[in-house]
Amino acid sequence: MLSLTTSSNSNSILPNIERLDLSNNKISGVWSWNMGKDTLWYLNLSYNFISGFERLPWKNMQILDLHSNLLQGPLLTPPNSVYFFSVSNNKLSGEISPLICKVGNIGVLDLSYNNLSGRLPHCLGNFSYDLSVLNLRRNRFYGPIPPTFLKGNIIRNLDFNSNKLEGPIPRSLIICRKLEVLDLGNNKMNDTFAHWLGTLPQLQVLILRSNRFHGHIGFSKIKSPFVNLRIIDLAHNDFEGDLPEMYLRNLKATMNIDEGNMTRKYMGEDYYQDSITVTTKGLEIELVKILNTFTTIDLSSNKFQGEIPKSIGNLNSLRGLNLSHNNLTGHIPSSFRNLKLLESLDLSSNKLIGRIPQELTSLTFLEVLNLSQNHLTGFVPRGNQFETFGNDSYNGNSRLCGFPLSKKCTTNETLEPSQEVDEEFDSGFDWKITLMGYGCGLVIGFSLGYLVFSTGKPKWLVTMVEENIHKKIRRSKRCTYRRGTRRN
């Protein structure tokens, strides 16, 4: 590990160097070396203790990686030749200078995890045809997102999470046809659900968490929306109405993933890999890399109501599902038995009723289950992963019984059939049809009887009935005669 303090006397060292990697050392102070200013194209000084730069003199620099240092003060404008520029995880402050928009070849601009503030320059979305990643996460930017983006752009990742951005999602994002990651979480954005985002053919990650989005999500006129979406987080907003079943049943990227025959890889590029923060298994986790098989849906802490769509059971490659803290009613769908890869299921703090489907015990990857604060009844299923869940998974359901709860089940609670099964039976055996048939038969019977005995036709039926009556009379007389003989 190299430990040194830079000095301007080092300018004559390695004048023709092209590539320099001094990352993960203990270099401190203000960087003043100008080595290779005409030849250096790659410089990696990440994970050091550098507090600043006198200037950035390199004329042919393409990759300049300064993340995870102690850089302070305003953001320096990178050389015009730079394609990759990262100053994330530093202590930079102040506003972004519009001069940065003159760096026309930049492809990756990562300013995340700093103290930068102010409004975003209007040119920020349209200053480079090469721009693929714009990461402004964890700063203090405010105001609207710039409304203009270049037609034909190749933007792949827009991460504005954890700022103070306001207003609606700019409609101009619809021309970002290469967009894979859109993370607008933890801001102050105020808008209804942007249905048109469903037309973006490459979108895989949509995070709108903790904003002021509101209204019904409802339906869309788009034939097959969000066909590649596999990570969706709309938690902590004011969405209301029924769960968006139309969108949920179209999430093809969460169905039938054949992991055995697919190449496991991470989202990103050669030198930059995407990262997001998700809440799963009850924890907030930063995914520094996003595996192409990871799937999750978080619609928690909204005002959704109505029943949980059974079609969610078709999302059989889903890893995490969180519908907690809503006003959902009805039963837990037994179709959830098809979620064979599910690792986390949170349905807590709703108004769900009925029994916990026994079929859920077949979910052998399930690590975290939270069904607390509902109106569930009956016994807790036993077997497989359900043997590992504690009381916390079921708290606030006073009519549940059995292991691991202290309340023991009575015979009635153990044998009580699930309401969902009853409903399925009722749907297959319609008592209305039965009663209609009985009524029709009764009317026809009375009509035929009246016709027969009032007209004497048909004669074969009248004769058969009369003979039957005569036989009964003869039998009755014989019995009476025998009883009389015995008495004598």
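Residues numbered from 1 in each chain as written. Predicted model: local features only at pLDDT ≥ 70, side-chain atom pairs only at ≥ 80, totals over all residues. Heavy atoms only, no water.

Observations regarding the overall build of the protein
As a reminder, the rule being used: Each helix is a run of DSSP H or I of at least 4 residues and each strand a run of E of at least 2, with the numbering of both proceeding from the N terminus. Accessibility here uses a 1.4 Å probe with only protein chains present; expressed as a share of the type maximum, an area under 20% marks a residue as buried, one over 50% as exposed, and anything in between as partly exposed. Contacts are assigned to residue pairs with any non-hydrogen atoms lying within 4.5 Å of each other. Surface accessibility in these figures is a Shrake-Rupley result with a 1.4 Å probe; residues are shielded only by whichever protein chains are displayed.
For the protein, the helix and strand inventory stands at five helices and 31 strands. The 488 residues of the protein split such that 48% are buried. For the protein, long-range pairs separated by at least 24 residues make up 50% of all intrachain contacts whose partners lie at least 6 apart in sequence. Total accessible area on the protein stands at roughly 24,800 Å², and carbon and sulfur atoms take up 53% of it.

Overview of the pairing of strand S24 (residues 303-307)
Keep this limit in mind: In this scheme, strands are said to pair when DSSP sees at least two bridges between them.
Alignment of strand S20 (residues 238-242) against S24, held across three bridges, turns out to be parallel. Bridge pairing in S24 places Gly-241 opposite Phe-304. Relative to strand S26 (residues 327-329), S24 is paired through three bridges, and the arrangement is parallel. Residue pairing in the sheet places Gly-306 in a bridge with Leu-328 of S26.

Topic: the pattern of salt bridges
Operational definition: Salt bridge, as applied in this entry: a Lys or Arg side-chain nitrogen positioned within 4 Å of an Asp or Glu carboxyl oxygen.
Following the criterion strictly, the structure yields 13 salt bridges and no others. Across the pair Lys-281 and Glu-343 runs a salt bridge, and its minimum N-O distance is 3.0 Å. Of this pair, Lys-281 sits in the loop between strand S21 (276-280) and strand S22 (283-287) while Glu-343 sits in the loop between S26 and strand S27 (344-346), and the two are 62 residues apart along the sequence. Note on Lys-281: relative accessible area 26%, which makes it partly exposed. Judged by relative accessible area, which is 18%, Glu-343 ranks as buried. Here the salt bridges share partners, and the residues they tie into one network are Arg-156, Glu-180, Glu-269 and Asp-274.

A short note on the sheet that holds strand S6 (residues 72-73)
Strand order in the open sheet formed by six strands is S6-S8-S10-S12-S14-S16, and the pairing between neighbours is parallel. Where the open sheet ends on each side, the last strands, each with one partner, are S6 and strand S16 (188-189).

As for the packing of aromatic side chains
Applicable threshold: Whether two aromatic rings pair depends on their centres lying within 6.5 Å, for rings of Phe, Tyr and Trp, where Trp uses its six-membered ring; planes under 30 degrees apart make the pair stacked, over 60 edge-to-face, and the rest tilted. Charge-over-ring placement is defined geometrically: NZ (Lys) or CZ (Arg) within 6 Å of the ring centre, and within 35 degrees of the ring normal.
Inspection of every chain in the model, using the stated rule, returns twelve aromatic pairs. Grouping aromatic residues by their ring pairs yields a cluster made of Phe-193, Phe-213, Phe-226, Phe-239, Tyr-247 and Phe-304. Between the NZ or CZ atom of Arg-19 and the centre of the ring of Tyr-42, over which it lies, the distance is 3.9 Å.

Thoughts on the state of the cysteines
Rules: Sulfur atoms of two cysteines make up a disulfide when they are within 2.5 Å.
Counted under the stated rule, the structure contains two disulfides. Covalently, Cys-101 is tied to Cys-123 through a disulfide, its sulfur atoms 1.7 Å apart. On the sign convention where negative means left-handed, the S-S torsion of about 70° between Cys-101 and Cys-123 marks this disulfide as right-handed. Taken as a pair, Cys-101 in the loop between strand S8 (91-94) and strand S9 (108-110) and Cys-123 in the loop between strand S10 (115-119) and strand S11 (133-135) lie far apart in primary sequence, 22 residues in all. Two residues share a disulfide in this structure: Cys-401 and Cys-409, whose sulfurs sit 2.0 Å from each other. Taking the torsion about the sulfur-sulfur bond, which here is approximately 105°, the covalent link between Cys-401 and Cys-409 counts as right-handed. Counting its disulfide-bonded cysteines in sequence order, the protein shows a connectivity of 1-2, 3-4.

Some thoughts on the nonpolar core
For clarity, the threshold we go by: What we call a nonpolar core is a set of buried Ala, Val, Leu, Ile, Met, Phe, Trp, Tyr and Cys residues that are connected through their side-chain atoms within 4.5 Å.
Ile-169, Phe-336 and Tyr-394 are the most contacted members of the largest nonpolar core, which totals 101 residues. Where this core is concerned, the elements lending two or more residues are strand S4 (49-53) and helix H1 (245-248). Leave out the neighbours within four places in its chain, and Phe-336 touches Ile-308, Ile-312, Gly-313, Leu-321, Leu-345, Leu-347, Leu-360 and Leu-363. Counting residues in hydrophobic clusters, the runner-up holds ten residues, among them Val-205, Ile-231, Met-267 and Val-278.

Topic: unusual backbone geometry
Here the amide bond leading from Phe-403 into Pro-404 is cis, since omega sits at 5°, within 30 degrees of zero. Note that Pro-404 resides in the loop between strand S31 (399-401) and helix H2 (411-415). A positive phi angle is found at Tyr-113, which is not glycine, with a value near 55°. Mapped onto the elements, Tyr-113 comes out in the loop between S9 and S10.

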